[in-house]
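# Coordinate inspection notes
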Amino acid sequence: VQLQAYGGGLVQAGGSLRLSCTAPGRTFSNYGMGWFRQAPGKEREFVAAINWSGGSTDYADSVKGRFTISRDNAKNTVYLQMNSLKPEDTAVYYCAADWGGTVVAAAEKYDYWGQGTLVTVSS
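Because the structure is a prediction, the values reported are computed rather than measured.

As a further point, take the side chain of Asn 76. Positionally, Asn 76 belongs in the loop between strand E7 (67-72) and strand E8 (77-82). At 2.6 Å, the side chain of Asn 76 and the backbone oxygen of Gly 25 are in polar contact. Excluding anything up to four places from it in sequence, Asn 76 contacts Cys 21, Thr 22, Ala 23, Pro 24, Gly 25 and Phe 28.

The structure is reproduced here in structure tokens:
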């Protein structure tokens with residue numbers, strides 16, 4: 001499965017961005033999907049996850065109430081709507097797919113990863 005993440009860019013603090021991740025193929029709706037991020041000099045961290053149907057989600061405490069993960073299985077796409085962005089949200093954001101189809105926060109559980117898209121939040 002090849003994942004393609006896009007939508008990153010430069011935004012001022014308090015602004016919004018929407019990331020998208022597409023996965024060509026008829027099996028997209030089977031996968032649980034997740035977003036992770038890695039800031040310079042830091043380890044990769046969990047951001048949000050969604051199960052195969054979109055009926056269950058999970059978020060890191062640092063983004064709860066500001067970020068929303070969603071998916072459109074008809075378009076083979078998962079989204080991460082990011083509002084009220086802060087400079088500490090600056091990172092490369094990665095999408096990932098889990099064959100198990102559930103909500104997963106642990107990076108090692110994911111089977112496939114996208115190439116990442118850079119989000120920079122200026123103060």
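Back to the write-up after that little detour.
Quick look at the state of the cysteines now. Simply put, the disulfide is a covalent bond whose two ends are the sulfur atoms of two cysteines. If you walk through the whole model with that rule in mind, you get 1 disulfide. Each sulfur of the disulfide joining Cys 21 and Cys 95 lies 2.0 Å from the other. Of note, the bridge from Cys 21 to Cys 95 carries an S-S torsion of about 60° and is right-handed in sense. Here the residue Cys 21 occupies a position in strand E3 (residues 17-22), and Cys 95 occupies one in strand E9 (residues 91-98), the gap between them amounting to 74 residues.

What follows deals with the nonpolar core. Core analysis: the biggest nonpolar cluster contains 37 residues, and Met 33, Trp 35, Leu 80, Met 82 and Tyr 93 have the highest contact counts within it. Once residues lying within four places of it in the same chain are set aside, the contact partners of Met 33 are Leu 3, Cys 21, Phe 28, Ala 48, Ala 49, Ile 50, Ile 69, Arg 71, Val 78, Ala 96, Ala 97 and Tyr 110.

Calculation notes
Residues numbered from 1 in each chain as written. Predicted model: local features only at pLDDT ≥ 70, side-chain atom pairs only at ≥ 80, totals over all residues. Heavy atoms only, no water. Helix = DSSP H or I, 4+ residues; strand = E, 2+ residues; numbered from the N terminus. Polar contact = N/O pair within 3.5 Å; in protein donor to acceptor, adjacent residues only side chain to side chain. Contact = heavy atoms within 4.5 Å. Disulfide = S-S within 2.5 Å. Core = buried A, V, L, I, M, F, W, Y, C linked by side-chain atoms within 4.5 Å. Buried < 20%, exposed > 50% of the residue type's maximum accessible area, 1.4 Å probe, protein only.

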